[in-house]
Each structure stands twice: as structure tokens, then as C-alpha cells.
Amino acid sequence: MSIYVGNLSYEVTQDALTAVFAEYGSVKRVQLPTDRETGRLRGFGFVEMGTEAEETAAIEALDGAEWMGRDLKVNKAKPREDRGSFGGGGGGNRGGGGGYGSRNRY
């Protein structure tokens, strides 16, 4: 399981985030996603801790806490949705239509 950490400063580093969470147990991994186009941090990250108890302690202590001038949003990460290969939803009929007998004949 992993912890979602939102409302992060765009200046945060993996080392700094690791140090904050290390106060509550062993940190196995820290991920700070970046924007594909700009390379800039996206303002959130994920932290994996050694045990469920350590994760719970970190969530309880840090959710709503102020760090680097921002109020953190910390909770259990939800599983990633499978977005498919085309992104977005919708589907359905996108015009066209047709089939046998659908042309205007006259």
C-alpha cells in the first residue's frame, strides 16, 4: 500500500519528503510525478512505508499539517484507474452512421 501526499510545494525534493516521513517509520520509496511536457513537479507524490502501522501513524500525524508553506493532504493512495489506451471516456457513437440502405438515393 502507498500513501498519497497532495498539495506539495513545487520545490519539494525526494530527500526532503523522505526525511519528513522517516519520523514515522522506514520509508521504502518516494515518487514525485512530473508533468510530461514541462518536467515540472505536479504538486503531489506517493510514499511507501515499511508497515501498515507506520503508514497509519504518518497519515494521522501529517494530514492537514503545514509544511513548506502548504497544508498537506495525506491519505491512503487509491489504486490507479485503468484508463485504456485512448484516454478519456465517452465512447458511444461518434457520428457516421450508415449501413445497408442508409444512403440518400435521389
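Preceding this paragraph is the structure being described.
Keep in mind that what you see is a predicted model, and the values were worked out from it rather than measured.

Visitor: Please clarify how the side chain of S9 should be interpreted in this entry.
Guide: Checked against the element boundaries, S9 lands in the loop between strand 1 (3-6) and helix 1 (14-22). Within polar-contact distance, the side chain of S9 engages the backbone nitrogen of E11 at 3.0 Å. Leave out the neighbours within four places in its chain, and S9 touches M68 and R70.

Visitor: Can you help me understand the environment of L41 in this one?
Guide: Tracing the sequence through the fold places L41 in the loop between strand 2 (27-31) and strand 3 (44-49). Between the C-alpha atom of L41 and that of V12, which follows or precedes it by 29 residues, the distance is 8.4 Å. Among all residues touching L41, those that are not within four sequence positions of it are Y10, V12, L32, P33 and T34.

Visitor: Hey, could you run me through the sheet that holds strand 6 (residues 73-76) in this one?
Guide: Strand-to-strand pairing in sheets goes through backbone hydrogen bonds, with the strands running parallel or antiparallel. Here we have 4 strands laid out as an open sheet, ordered 2-3-1-6, and antiparallel in their pairing. Bordering the open sheet on either side are strand 2 and strand 6, each of which pairs with just one other strand. Pairwise comparison of adjacent strand axes, ignoring direction, gives a mean angle of 20° for this sheet. Across the face of the sheet, helix 1 comes into contact with strand 1, strand 2, strand 3 and strand 6 while running at roughly 140° to strand 2. Most of the contacts of helix 2 (residues 52-62) go to strand 6, to which it runs at about 155°, and overall it touches strand 1, strand 3 and strand 6.

Cut-offs applied
Residues numbered from 1 in each chain as written. Predicted model: local features only at pLDDT ≥ 70, side-chain atom pairs only at ≥ 80, totals over all residues. Heavy atoms only, no water. Helix = DSSP H or I, 4+ residues; strand = E, 2+ residues; numbered from the N terminus. Polar contact = N/O pair within 3.5 Å; in protein donor to acceptor, adjacent residues only side chain to side chain. Contact = heavy atoms within 4.5 Å. Pairing = 2+ DSSP bridges. Axes fitted to C-alpha atoms, helices over the stretch in contact; angles between N-to-C directions.

That is the geometry; function is a separate question.
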